[in-house]
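# Commentary on secondary and tertiary structure
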Amino acid sequence: MGKQYRLIYDENLCIGCQACSVACRVENSVPDEVYRLQVHLHTKGEFPNLGMNFERLSCVMCENPPCVSVCPTNASFQSKDGLVHIDERACIACKYCILACPYHARFINPLKNVVEKCNFCYETRVSKELLPACVSICPTDALSFGDMRHKHSLVHQKSHKEVLVFPKAHLGTKPKVAFIPNRKGMKS
Amino acid sequence: MSPMWGSVEQYSAIHWSWAIAIYLFLAGLSSGSIIVALLVKWNRHERSNSSIWDAMIKAGSVVAPVAIFLGLLILVIDLGRPLSFYWLLIRYNITSVMSLGVLFLLIYTPIVMVFMLLVFERTVIKYPFFAPLESLINVVKSFHSYAKIIEYFLFGAALCVGSYTGFLLSALYAIPLWNSPLLPILFLTSSLSSGVAVNILIGLLFFKSTINPESIKYLLVLDTRVILTELPLLGLFFIGLFYAGGDVSHAAKMALTEGFWAGIFWFGVIGVGLGLPLITVIIALRSHVYRVGYVVINSMVVILGVLMLRYYIIYAGQIYLG
Ligand code: SF4
Ligand code: SF4
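Residues numbered from 1 in each chain as written. Chains lettered and ligands numbered in written order. Predicted model: local features only at pLDDT ≥ 70, side-chain atom pairs only at ≥ 80, totals over all residues. Heavy atoms only, no water.

### Looking at the overall build of chain A
When its secondary structure is counted, chain A shows five helices and nine strands. Going from the N terminus to the C terminus, chain A shows its helices and strands as β-α-β-β-α-β-β-α-β-β-α-β-α-β. In terms of overall dimensions, chain A is globule-like: its C-alpha atoms have a radius of gyration of 17 Å, near the 16 Å expected for 188 residues. Residues classed as buried in chain A amount to 58% of the 188 residues present. Sequence-distant contacts in chain A: of pairs separated by 6 or more residues, those separated by 24 or more amount to 56%. Surface summary for chain A: the accessible area is close to 8600 Å², and the carbon and sulfur share equals 56%. Of the side-chain charges in chain A, 24 are positive and 17 negative, and the distance between the mean point of each set is 4 Å. (Helix = DSSP H or I, 4+ residues; strand = E, 2+ residues; numbered from the N terminus. Rg over C-alpha atoms; globule rule 2.2 N^0.38 Å. Buried < 20%, exposed > 50% of the residue type's maximum accessible area, 1.4 Å probe, protein only. Contact = heavy atoms within 4.5 Å. Areas by Shrake-Rupley, 256 points an atom, 1.4 Å probe, with all protein chains shown as cover. Lys, Arg positive; Asp, Glu negative; His and termini not counted. Charge placed at Lys NZ, Arg CZ, Asp CG, Glu CD.)

Listed below in structure tokens is the structure:
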């Protein structure tokens, strides 16, 4: 049986420092002006009753990925571990998958002219039992990553202790990235 | 929302642009014109001057292959990597409507070619210019006894091509304005409307220029009939989106009220594409003046309206996400 990866992003611990985004760019040589990962800030309420929510934007590694089911050449595919990858050779850059992704996670790499997105740093790190670059650099440990099959993994423990939110869960995409929603400040 | 750091352009980029809109239009035009030509061929109207009906069959048999070739050319050039398009032919994904479209087109395109050669068989044989193609002509002639079967097959393939362009968009639940079960039928209907118009237009201009007013009247009414089925479908399309609630109804509201694309919808799709032809017909029928000019302009306006519908759906869909 394959792995059951999960990445948990704790909005309460995030300070919006963008270290994850920078680490990602360096690790994956992401060209200027395009991003595999961004952290956005949403400000709610009115002064002095404010709320500030951080949001991580990246591929959420759907268990039922619409990007894979629409790809005409199977260039977008799901591995045995449930991760979604892109076979750059077979990508004709038709952009169908970019439109199909409800999370706006995909873009065209302007240098290679193929589709690109977060792949959990699979080739360079996760396949070598290392953490994804964003997770390993986060100074507040807002990000945790691991295999849900292991009872002692951080993600397993957090998943039991915390209330997890899966982005756009109503779509039935079953993301492997989960959020622990912000508890502080105004909510609307 | 604040990105804090970095450009957010990629999150609201238009990924499918005018080239896709034109392709969807041309694929619809091609399938619509061949469907109309076949319908005319099967139920030929003997009561009026029948030559215009022949002209419509000829027009359809020429428009269909030309439009689909042009469309496919634009489509391939528009790919991020045009030269890698062969992957579409060697790898298939049955859950991908795009992949299914490739299959339909692989069946459809050769048949429209054969159909054209069948229709123009005599003309082709007449010209010495085509002499080198003699073997090809003989092959086509040998198909003649299967003409009826080829026609039925072509009709089915044309229906697939005409509706797959709708399913191509409606398969994406990330885009509320596209994710409607009515989109394929809306596209198919407007394809038929552009098919009627283009066949009348090309038929009048190239294959028969003097015809009696009786058939002009009939052609104008024919143009109008398809428009009258398109109008309620567009209404149902938006009503369906409104009833879906949440982001979907918000996106629909924006698409009908906000900015440039709402203008294109009301002035282009509704006004020019549907309203103007209706007015032309009403005036012509009232005053009993049936000029060829009316039909020609009317047909061009209908075609323009269909093109604008494709443009509108492609752009508004990507801009108004709810
Ligand atoms: S988030 Fe988007 S790119 Fe990632 S697996 Fe899901 S649909 Fe595909
Ligand atoms: S852009 Fe590439 S990966 Fe995406 S659907 Fe097209 S061929 Fe597949």
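Continuing now.
### A look at the sheet that holds strand S1 (residues 5-10) of chain A
Residues and elements named next belong to chain A. With respect to topology, three strands assemble into an open sheet ordered S8-S1-S9, the strand pairing being mixed. The sheet is open, and its two borders are formed by strand S8 (143-147) and strand S9 (177-180), each paired with just one other strand. Across the sheet, the mean angle separating the axes of adjacent strands is 20 degrees when strand polarity is ignored. This element, helix H5 (residues 154-161), spans S1, S8 and S9 of the sheet and lies at about 110 degrees to S8. (Pairing = 2+ DSSP bridges. Axes fitted to C-alpha atoms, helices over the stretch in contact; angles between N-to-C directions.)

### Looking at the site of ligand 2
The environment of ligand 2 is formed by Cys71(A), Pro72(A), Thr73(A), Ala75(A), Ser76(A), Cys91(A), Ile92(A), Ala93(A), Cys94(A), Lys95(A), Cys97(A) and Val115(A). Counted by class, the shell around ligand 2 contains nine nonpolar, two polar and one charged residues. (Near = heavy atom within 4 Å. Nonpolar A, V, L, I, M, F, W, Y, C, P; charged D, E, K, R; others polar.)

### A few points about the packing of aromatic side chains
Under the defined criterion, the tally for this structure stands at 17 aromatic pairs over all chains. Look at Tyr9(A) and Phe179(A): their rings are 5.7 Å apart centre to centre, the planes differ by 80 degrees, and that puts the pair in the edge-to-face class. Taken together, the positions of Tyr9(A) in strand S1 and Phe179(A) in strand S9 put the pair 170 residues apart, joining distant regions of the chain. For Tyr9(A), a relative accessible area of 2% gives the class buried. The class for Phe179(A) is buried, based on a relative accessible area of 10%. Summarising the aromatic geometry, the rings of Trp42(B) and Phe155(B) are spaced 5.3 Å apart at their centres and angled 50 degrees between planes, so their arrangement reads as tilted. With a gap of 113 residues between them, Trp42(B) in helix H1 (residues 18-42) and Phe155(B) in helix H7 (residues 147-170) connect regions that are remote in the sequence. (Phe/Tyr/Trp six-rings, centres within 6.5 Å; stacked < 30°, edge-to-face > 60°.)

### Concerning the side chain of Thr73(A)
Structurally, Thr73(A) can be placed in the loop between helix H2 (66-70) and strand S4 (76-78). Assessed through its relative accessible area of 1%, Thr73(A) is described here as buried. Excluding residues within four positions of it along the chain, Thr73(A) makes contact with Ala90(A), Ile92(A), Trp87(B), Leu88(B) and Arg91(B).

### A look at the nonpolar core
Within the largest apolar cluster, 148 residues are counted, with the highest numbers of intra-cluster contacts made by Trp16(B), Tyr108(B), Trp178(B) and Tyr312(B). Broken down by element, this core gets its largest block of residues, 13 residues, from H1(B). Dropping the residues within four chain positions of it, Trp16(B) is found in contact with Cys94(A), Lys95(A), Tyr96(A), Leu99(A), Met98(B), Leu168(B), Leu169(B), Trp178(B), Ile314(B) and Gln318(B). The next biggest cluster of nonpolar side chains, apart from the first, holds six residues, and it includes Ile8(A), Val155(A), Leu164(A) and Ile180(A). (Core = buried A, V, L, I, M, F, W, Y, C linked by side-chain atoms within 4.5 Å.)

### Details of H5(A)
Residue and element names in this part refer to chain A. Buried within H5 are the following residues: Val-155, His-156, Lys-158 and Ser-159. One side of H5 holds all its buried residues, which, seen down the axis, span an arc of 170 degrees. Away from the buried face of H5 by more than 90 degrees, exposed residues His-160 and Lys-161 are located. Considering only its buried residues, H5 is in contact with S1, S8 and S9. (Arc of directions from axis to C-beta.)

### Brief notes about the pairing of strand S3 (residues 49-57) of chain A
Both strand S2 (residues 38-46) of chain A and S3(A) contribute to a ladder of nine bridges, which runs antiparallel. Across the sheet, the residue bridging to Val39(A) is Arg56(A), located in S3(A).

### Focus: the interface of chain A and chain B
Frequently, the measure chosen for interface size is the accessible area that the parts lose on association. Residue-level contacts link 45 residues of chain A with 37 residues of chain B. Carbon and sulfur atoms make up 58% of the area that chain A and chain B hide from each other, which totals about 3500 Å². Counting the surface chain A buries against chain B, the share from its top three residues, Ile92(A), Tyr96(A) and Leu99(A), is 21%. Where chain A meets chain B, there are one salt bridge. Two residues, Arg91(B) and Asp87(A), come together in a salt bridge whose shortest N-O distance is 3.1 Å. Put simply, the parts of the chain that give the side of chain A that touches chain B at least two residues each are helix H1 (19-28), S2, S3, H2 and helix H3 (96-100) of chain A. The element that contributes the greatest number of residues to the side of chain A that touches chain B is S2(A), accounting for five residues. Grouping the constituent residues of the side of chain A that touches chain B by class yields 26 nonpolar, 13 polar and six charged. (Buried area = accessible area lost by both parts, 1.4 Å probe. Salt bridge = Lys/Arg side-chain N within 4 Å of Asp/Glu carboxyl O.)

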